[in-house]
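Residue strings, one per chain:
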Amino acid sequence: MSNTKPRFRNIFLAIFSAIALVLILDFALSGKVINAQVAGVQSEYQQYYNAAQNYHYSYMVFTEEHAFPVSESFAETVKKGDSVEFSVSILFNQVNWYRMSGDDNRSVYSLRLMAGLVAPLLALIVFFIAYRFKRNLSTLIFVFQVLLLADLILSVIY
């Protein structure tokens, strides 16, 4: 009976480690590079409903076939009809990076960087520490498992 629990725990760590690796590979592999004309740039006012009543703007660039979030500075630079180049990931069709055509500087949207690289990498580190050093990090492991599931679901949906 005492062997069942660690084996079950290790199986779950392996499954979620595989999910993290898939998310990292989807971000890291170059994917298909597309050169397209900008059909439009949209800014959206987003307000927080808290005591401070804070807000921010989010920006989206639209092409004929893709729509993807961009930084404020990129949204202010690009205009309708401009040519942009971006990389679409292999597995989940997410835009990994974008830039103006002819520009050498690539930009990565911060949420894509967090969801595609930083969060899965941190999860792998936590899973490795828990497995290798036999630490009881059950709450932290659970948090990263939920984060990875949400990340995977959002990657598949969007």
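All of the points below concern the structure found in this document. (Residues numbered from 1 in each chain as written. Predicted model: local features only at pLDDT ≥ 70, side-chain atom pairs only at ≥ 80, totals over all residues. Heavy atoms only, no water.)

Turning to the overall build of the protein, a few remarks are in order. Broken down by element type, the protein carries 4 helices and 6 strands. Listing each helix as α and each strand as β along the protein from the N terminus yields α-β-β-β-β-α-β-β-α-α. Against the 2.2 N^0.38 benchmark of 15 Å for 158 residues, the protein shows a C-alpha radius of gyration of 19 Å, more extended than a compact globule. In the protein, buried positions account for 33% of the 158 residues. In the protein, the share of contacts with a sequence separation of at least 24, taken over all contacts with a separation of at least 6, comes to 54%. Accessible area for the protein stands at about 10,400 Å²; split by element, carbon and sulfur atoms hold 61% of it. (Helix = DSSP H or I, 4+ residues; strand = E, 2+ residues; numbered from the N terminus. Rg over C-alpha atoms; globule rule 2.2 N^0.38 Å. Buried < 20%, exposed > 50% of the residue type's maximum accessible area, 1.4 Å probe, protein only. Contact = heavy atoms within 4.5 Å. Areas by Shrake-Rupley, 256 points an atom, 1.4 Å probe, with all protein chains shown as cover.)

This part covers the side chain of Gln 145. Topologically, Gln 145 is positioned in helix H4 (residues 138-157). The residues contacting Gln 145, other than those within four sequence positions of it, are Phe 12, Phe 16 and Phe 127.

A separate point is unusual backbone geometry. Look at Asn 93: it is not a glycine, yet its phi comes out positive at around 55°. Turning to its location among the elements, Asn 93 is positioned in the loop between strand E5 (83-88) and strand E6 (95-100). Take Asn 93: its relative accessible area is 51%, and that puts it in the exposed class.

By size, the foremost hydrophobic cluster in this structure holds 16 residues, and its most contacted members are Val 61, Phe 68, Val 70, Phe 74, Val 78, Val 84 and Phe 86. Apart from residues lying up to four places away in sequence, Val 61 is in contact with Val 38, Gly 40, Val 41, His 66, Ala 67, Phe 68, Val 70, Phe 74 and Val 78. In this structure, Leu 13, Phe 16, Ile 19 and Ile 24 belong to the second largest nonpolar core, which totals 15 residues. (Core = buried A, V, L, I, M, F, W, Y, C linked by side-chain atoms within 4.5 Å.)

On to the side chain of Asp 26, then. Its place among the elements puts Asp 26 in helix H1 (residues 4-28). Taking the relative accessible area as the measure of exposure, Asp 26 reaches 2% and is therefore buried. Side-chain polar atoms of Asp 26 contact the side chain of Arg 112, separated by 3.1 Å. Those residues in contact with Asp 26 that lie beyond four places of it in its chain are Ser 89, Ile 90, Leu 91, Phe 92, Gln 94, Asn 96 and Arg 112. (Polar contact = N/O pair within 3.5 Å; in protein donor to acceptor, adjacent residues only side chain to side chain.)

A separate point is the environment of Leu 149. Relative to the assigned elements, Leu 149 resides in helix H4. Under the relative-accessibility criterion, Leu 149 is labelled partly exposed at 38%. As for Leu 149 and Leu 25, which are separated by 124 residues in sequence, their C-alpha atoms are 16 Å apart. Each residue touching Leu 149, except ones within four places of it in the same chain, is listed here: Phe 16 and Ile 19.

With antiparallel pairing, 3 strands are arranged side by side in an open sheet as E2-E3-E4. Looking at which strands have only one partner, the edges of the open sheet turn out to be strand E2 (40-47) and strand E4 (67-70). With direction set aside, neighbouring strand axes in the sheet form an average angle of 30°. (Pairing = 2+ DSSP bridges. Axes fitted to C-alpha atoms, helices over the stretch in contact; angles between N-to-C directions.)

Looking now at the pairing of strand E3 (residues 55-62). Direction of pairing for E2 relative to E3: antiparallel, over a ladder of 8 bridges. Looking at the pairing, Glu 44 lines up with Ser 58 of E3. Inspection of the sheet shows E3 paired to E4 by 4 bridges, in the antiparallel sense. Of the residues in E4, the one forming a bridge with Val 61 is Phe 68. Hairpin connection, E3 to E4: the antiparallel pair is bridged by 4 residues.

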